[in-house]
Every structure is written in C-alpha cells, then in structure tokens.
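Descriptive analysis of the structure
Chain by chain, the residues:
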Amino acid sequence: MVDRTVLVTGGTGGLGSAVTAAFQEAGWRVVVPARPTAPDRAPAAAAAEPHTAPATAGVEPVRVVADLTDPGQVARAVEVAAADADAPLRAVVNLVGGYAAGGRIHETPLADFEQMITLNLRPTYLVTQQALPYLVEAGGGAIVCVSSRAALSPFPGAAGYVTAKAAVLAFASAVAVEYRESGIRCNTVVPSVIDTPANRAAQPTADHSRWVAPAEIARVIRFLASEDSAPTSGATVPVYGRA
C-alpha cells in the first residue's frame, strides 16, 4: 500500500525517469511536474542538462503541469504532491536544471550567466521553499538536491553553470542546518558524466564504461530519501562511477 509521496522535479529525463522508477518500485506515490508546453516530456530546463534523455517507458507517475520557475505554479504542484492524506509528502528530489556551453567569463553576456542561475537554482529554491511546510507538518522528511562535479572541479566556458551548481550545494547545506530540529534532512548528490544516450551521442569516442548509470544514481537518491539514511544530512555525495 502506498503510504508516502515523493515529488520528483525533472522526473521524466534520463536520470529523472530512473529516479521515478526507483521510488515507484519501493512503493512510493510519485508526483512529477512537467512544463505546460510539453506535459509528456521532461521540463525544457531539464532537457538542456547533460544527463537528460527521453522518458523511461512504463513509468506512470502522477503528472502535474507546472513551470517550476513560477512561484504560483510551484505552489500548486506542491499542493498536488501533498494532497493525499494517506500518502503524505515525505520527500522532494530536485533534478531540474540546465546547461549551456559558452565562452570565458569576459565573453559571457550577463543574460547568459543569469539564465544558468535561473534554470539551476530557482526551481530548487522554489520547490523546496513550498514543500518545507508540508514536510514539517508531516513530522519530517528528506530533500535530495542534484549538483554537478563541475561545482567542485570547474571547467572553462561554463561559469554560469558552475556557479549555479555550487549555489545548489550551499543552499542544500543551509536547508540541512535550518530544518534539522524539524526532522528534515537535506543532502546533495554530485554526478560526473551520466551514461545516457544523449551523452553517448555527444561524446561517441569516450570510454562509456567509466560513466555512471542513471539507475545507480537513482538508488543513491532513493537511499538518501529513505529512513535508512536517517543519520545523514548536509552531505555532498559523489556519484562519479569511474569517470
């Protein structure tokens, strides 16, 4: 019997579909927002991420149409996630983000830099902000954010992306500290290159055997959302595979 709900943003992407499936296999009610322009696909922001891909067949989460950069639509999506009294909202997984390559910092327009902040940080902040009161009311829960190895080991031409993903790490740490006494844990997973069809197409000559599979990351995320990881909060968890 389903007795708990997880809200998974970006839940139909290459990583998101694996996360959605992992939670459903464990008996969770899964709610997945998608953008109004493409309700049957991953949000456009997530579609730009290096680790996204088409949705996994057979995954049937509760869908809710929402632009996760809009506070009002985020509030409505979270309300849907918290609407089942028999399966209270107990976890949030923030996967939505975006990536765009660019030039060096002096060659990067301010608008491009700010777009990376908007795509990677704003949805994580808004969804977490709206979900926290429900998690507190439910007696606690877990939030899992997704950053990037680039936040810890930057590469050229991605200052906006690197900065935004580093901000996700800092934000998750702040949540962990502020809501510790409310029984809410917040941790961040940090992928390197994820083995998706999109990444293989982009890097056909790479050694794909060294990359980490979406299903492997999904199991880590599910663990961090479960009571099995109850003592763990404020952690930055590398999921690099052998990359």
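Residues numbered from 1 in each chain as written. Predicted model: local features only at pLDDT ≥ 70, side-chain atom pairs only at ≥ 80, totals over all residues. Heavy atoms only, no water.

**Section: helix H4 (residues 110-120)**
Residues Met116, Leu119 and Asn120 constitute the buried set of H4. Projection of H4 onto a plane perpendicular to its axis shows the buried side chains occupying an angular sector of 85°, all on one side. Every exposed residue of H4 that faces more than 90 degrees away from the buried side is listed here: Leu110 and Ala111. (Buried < 20%, exposed > 50% of the residue type's maximum accessible area, 1.4 Å probe, protein only. Helix = DSSP H or I, 4+ residues; strand = E, 2+ residues; numbered from the N terminus. Arc of directions from axis to C-beta.)

**Overview of the nonpolar core**
Leu7, Leu89, Ile143 and Cys186 are the most contacted members of the largest nonpolar core, which totals 26 residues. Those elements that provide at least two residues to this core are helix H3 (71-81), strand S4 (89-94), helix H5 (122-137), strand S5 (141-146), helix H6 (159-178) and strand S6 (184-191). Sequence-distant contacts of leucine 89, defined by excluding residues within four places in its chain, comprise Thr5, Val6, Leu7, Val78, Ala81, Ala82, Ala131, Tyr134, Leu135 and Ala138. In this structure, Ala22, Phe23, Ala91 and Leu95 belong to the second largest nonpolar core, which totals 25 residues. (Core = buried A, V, L, I, M, F, W, Y, C linked by side-chain atoms within 4.5 Å. Contact = heavy atoms within 4.5 Å.)

**A word on the side chain of arginine 29**
By the secondary structure assignment, arginine 29 is in strand S2 (residues 29-34). Of the polar contacts made by the side chain of arginine 29, one reaches the side chain of threonine 5; its length is 3.0 Å. The residues contacting arginine 29, other than those within four sequence positions of it, are Val2, Arg4, Thr5, Val6, Val62, Val80, Ala81, Asp84 and Ala87. (Polar contact = N/O pair within 3.5 Å; in protein donor to acceptor, adjacent residues only side chain to side chain.)

**Quick look at the packing of aromatic side chains**
Applying the stated criterion across every chain, the model contains four aromatic pairs. On the numbers, 4.9 Å between centres and 85° between planes, the contact of tyrosine 99 with tyrosine 161 is edge-to-face. One end of the pair, tyrosine 99, is in the loop between S4 and H4; the other, tyrosine 161, is in helix H6, and 62 residues separate them in sequence. Given the relative accessible area of 4%, tyrosine 161 is considered buried. Site record: aromatic cluster; members linked through ring pairs are Tyr99, Phe155 and Tyr161. Taking NZ or CZ as reference, arginine 149 lies 4.0 Å from the ring centre of tyrosine 240, over its face. (Phe/Tyr/Trp six-rings, centres within 6.5 Å; stacked < 30°, edge-to-face > 60°. Lys NZ or Arg CZ within 6 Å of the ring centre and 35° of its normal.)

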